[in-house]
Amino acid sequence: MMLKSFVSLTVLGLAAPSLAFPQYGSLAGLSAREWDELVPRLNQVNPPNPPAPLKYNGTKLVHDRAHPFRAPKQDDIRGPCPGLNTLANHGYLPHNGVASPSQIVDAVQEGFNMEHDTAVFVTYAAHLVDGNLVTDLLSIGGKTRKTGPDPPAPAIVGGLNTHAVFEGDASMTRADFNFGDNHSFNQTLFDQFVDYSNRFGGGFYNYTVAAELRFQRIQESIATNPQFSFISPRFFTAYAESTFPVNFFVDGRSAEKKLDMQTATLFFRDGKYPEDFHRASQPSSTEGIDIVASAHPIAPGENRDGKINNYVPDPTSADFSSFCLLYTNFVSQTIGGLYPNPTGVLRRNLAKNLRFFYSGIATAGCEELFPYGQV
């Protein structure tokens, strides 16, 4: 159970003390008057318990008649995660790209057979920092009024495009935030994905390719991005996302853990299931992350002083030798920093969402924290 819980943690990575939110604020820090003016205009939701695990958790057809592909319209939101984009394009998530945490947990289980505890842990962590905790809605991409009215400035609800929370530098197919668009498909980076699959995987993407490409993308960011940051949470999510194409984008009927380039193009570029696609044969998470992370070990760190090729390890960042520290830092420092003095429905919903979040690692032996009380 400890291994499964550690896998859950590595999927999201959690936030270290040094994590900043340069273009994102939460509903925290509002004056009593501002909050009183805002709350009546919001659709206040008492968040329900997370969905249960799948009753049938084997492989099955997911690109079926009930879930045809529909391309996003101009006002539909898509973001940095090709898996969530695919689920929205096929109707497992609302087509507009705004969903509740419960809808996301259901969708990633049903559409990809993501392991239940991982699905719960990742979803509620993302929601706590990127979603609207009063309306219980989260954008899978950028900031939008579809999650509810904006709170007073400077606080906003940022969505999954928010840099250094869910999204981060050295992505396989998305550019670093410092270069502008950090969430759209990047053809140049995908061409490199294909090249490495040809060079190291015989035309397929597998864990060996994942390890080589992951190291290459880190080195590229060190050499080109003066603002490159590779500390928690990004230190963990980078390795986790490298395993996802093998674990979730390979047809569940295949015994070989390797992804062909035609299928990769459909997922990464188009957000689309291949025809007759079957989800993973068993609940899956970040299997293979040990292979990827151990091939070219690197300590968490960042380019210092706004200079390229000035990568300095950060001993304060959580790494693979940490465990409960990740959870503790996330709750006490990241969430505590975003929501120092919440009241009323916001405080209640924070307490409930933190409880749901912790349930994803409840068997790991970490002490549960209750900064906003218990409900």
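Use the structure listed above.
Residues numbered from 1 in each chain as written. Predicted model: local features only at pLDDT ≥ 70, side-chain atom pairs only at ≥ 80, totals over all residues. Heavy atoms only, no water.

Caption draft 1: Broad picture of the pattern of salt bridges. If you walk through the whole model with that rule in mind, you get 13 salt bridges. Of the charged contacts, one joins Lys60 and Glu110 as a salt bridge, the two residues approaching to 2.3 Å between their closest N and O atoms. One end of the pair, Lys60, is in the loop between α2 (32–38) and α3 (82–89); the other, Glu110, is in helix α4 (residues 101–112), and 50 residues separate them in sequence. According to the relative accessible area criterion, Lys60 is partly exposed, its value standing at 31%. Salt bridges here are not isolated pairs; linked through shared partners, they connect Lys60, Glu110 and Arg279. (Salt bridge = Lys/Arg side-chain N within 4 Å of Asp/Glu carboxyl O. Helix = DSSP H or I, 4+ residues; strand = E, 2+ residues; numbered from the N terminus. Buried < 20%, exposed > 50% of the residue type's maximum accessible area, 1.4 Å probe, protein only.)

Caption draft 2: Examining α4 more closely. For α4, which comprises 12 residues, the first-to-last C-alpha distance of 16 Å matches the rise-based estimate of 16 Å (1.5 Å per residue) to within 8%. Along α4, nine of the 12 residues are buried, which leaves the element largely enclosed by surrounding structure. Where the residues of α4 are buried, they touch α3, β1 (98–99), α5 (116–130), β2 (138–139), α8 (234–248) and α9 (261–270). At the exit of α4 stands Asn113, carrying a positive phi of roughly 65°. (Expected span 1.5 Å × (residues − 1). Contact = heavy atoms within 4.5 Å.)

Caption draft 3: Main features of the state of the cysteines. Taken as a whole and assessed by the stated rule, the structure comprises one disulfide. The residue that forms a disulfide with Cys324 is Cys366, at a sulfur-sulfur distance of 2.1 Å. On the sign convention where negative is left-handed, the bridge of Cys324 and Cys366, at about -85° about the S-S bond, is left-handed. Of the two residues, Cys324 sits in helix α11 (residues 324–338) while Cys366 sits in the segment after α12 (344–359), which places them 42 residues apart along the sequence. Residue classification places Cys366 among the buried positions, given a relative accessible area of 5%. (Disulfide = S-S within 2.5 Å.)

Caption draft 4: Highlighting the packing of aromatic side chains. The tally for this structure, following the rule as stated, stands at 31 aromatic pairs. Taking the centre distance of 4.6 Å and the plane angle of 15° together, the rings of Phe193 and Tyr205 count as stacked. Here the residue Phe193 occupies a position in helix α6 (residues 187–201), and Tyr205 occupies one in strand β3 (residues 204–205), the gap between them amounting to 12 residues. A relative accessible area of 0% places Tyr205 in the buried class. For the cation-ring pair, Lys258 lies above Phe204, with the distance from its terminal atom to the ring centre recorded as 4.2 Å. (Phe/Tyr/Trp six-rings, centres within 6.5 Å; stacked < 30°, edge-to-face > 60°. Lys NZ or Arg CZ within 6 Å of the ring centre and 35° of its normal.)

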